[in-house]
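Each chain is listed here by its residues.
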Amino acid sequence: KEESVTPAPETTCPDGSSCSATSTCCPTATGGYGCCPTVDATCCSDHEHCCPKEYPVCDVSQGLCKKASTDMFGITMLTKEESVTPAPETTCPDGSSCSATSTCCPTATGGYGCCPTVDATCCSDHEHCCPKEYPVCDVSQGLCKKASTDMFGITML
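All residue numbers refer to position in the chain's written sequence, counted from 1. Local features in a predicted model are, by the rule used here, given only for residues with pLDDT of at least 70; side-chain atom pairs are given and counted only at 80 or more, and totals for whole chains, interfaces and linings are based on all residues. Where side-chain values are given, they derive from all heavy atoms of the structure, hydrogens and water being excluded.

### Overview of the state of the cysteines
Item 1. Any two cysteine sulfur atoms lying within 2.5 Å of each other are counted as a disulfide. Evaluated as defined, the whole model comprises 12 disulfides.
Item 2. For C44, the disulfide goes to C58, at an S-S distance of 2.1 Å. Between C44 and C58 the disulfide shows an S-S torsion of about -80 degrees. By sign, it is left-handed. Placement of the pair is C44 in the loop between β6 (42-43) and β7 (49-51) and C58 in strand β8 (residues 57-59), with a sequence separation of 14 residues.
Item 3. Think of it in three bands: with a 1.4 Å probe and only protein chains considered, a residue is buried below 20% of the maximum accessible area for its type, exposed above 50%, and partly exposed in between. You can call C58 partly exposed: its relative accessible area is 23%.
Item 4. Bridging C92 to C104, the disulfide has an S-S length of 2.1 Å. Each helix is a run of H or I in the DSSP string that is no shorter than four residues. Each strand is a run of E no shorter than two, and both are numbered from the N terminus.

Rendered as structure tokens:
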């Protein structure tokens, strides 16, 4: 089994995509979301830029972020980055996750690992698993079988 992944802190955008926890989700012109590379940013009306909270006013015509709309000067607007649309995942009971094409199985250390097939049988040795087509774990022989009475099977995953 592969080790499951504990996700890095992130912000989930309204469309389900995500940005790092140090970013702000901002709408894009295409209806999705992008990530402004700073926390509590102002999303600009051009749907391409954003401004940090210290310079919260977007002056799109000048391409500047200003402290107030009456200011003559400011800083260059920040360009949004692409947000990440997560691959479908399965959340394991301990909070870790596996891909949607795998199964969470308990490990000998008390955590969870990812069996690389959907609807797998987790074996009692806490190290192996068997695909749903061969759901019986024969730990002593290291085989996955279709039925416990079968003589042959496939090697455990």
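On we go.
### Considering the sheet that holds strand β5 (residues 33-36)
Item 1. Strands are labelled as partners when DSSP assigns at least two bridges between them. Across the sheet, which stays open at both edges, the 3 strands sit in the order β4-β5-β12 with antiparallel pairing between neighbours. Taken across any chain shown, the strands that pair with only one partner, and hence form the sheet edges, are β4 (24-27) and β12 (81-82).
Item 2. Relative to β5, β4 runs antiparallel, the two sharing 4 bridges. In the sheet register, C26 faces β5, and the bridge partner there is G34.

### Observations concerning unusual backbone geometry
Item 1. Even without glycine at this site, H47 takes up a positive phi of about 60 degrees.
Item 2. Residue placement: H47 occurs in the loop between β6 and β7.
Item 3. On the basis of relative accessible area, H47 is assigned to the partly exposed category, the value being 34%.
Item 4. The phi torsion at H126 lies on the positive side, around 60 degrees, for a residue other than glycine.
Item 5. Looking at the element boundaries, H126 is found in the loop between β17 (121-122) and β18 (129-130).
Item 6. Judged by relative accessible area, which is 34%, H126 ranks as partly exposed.

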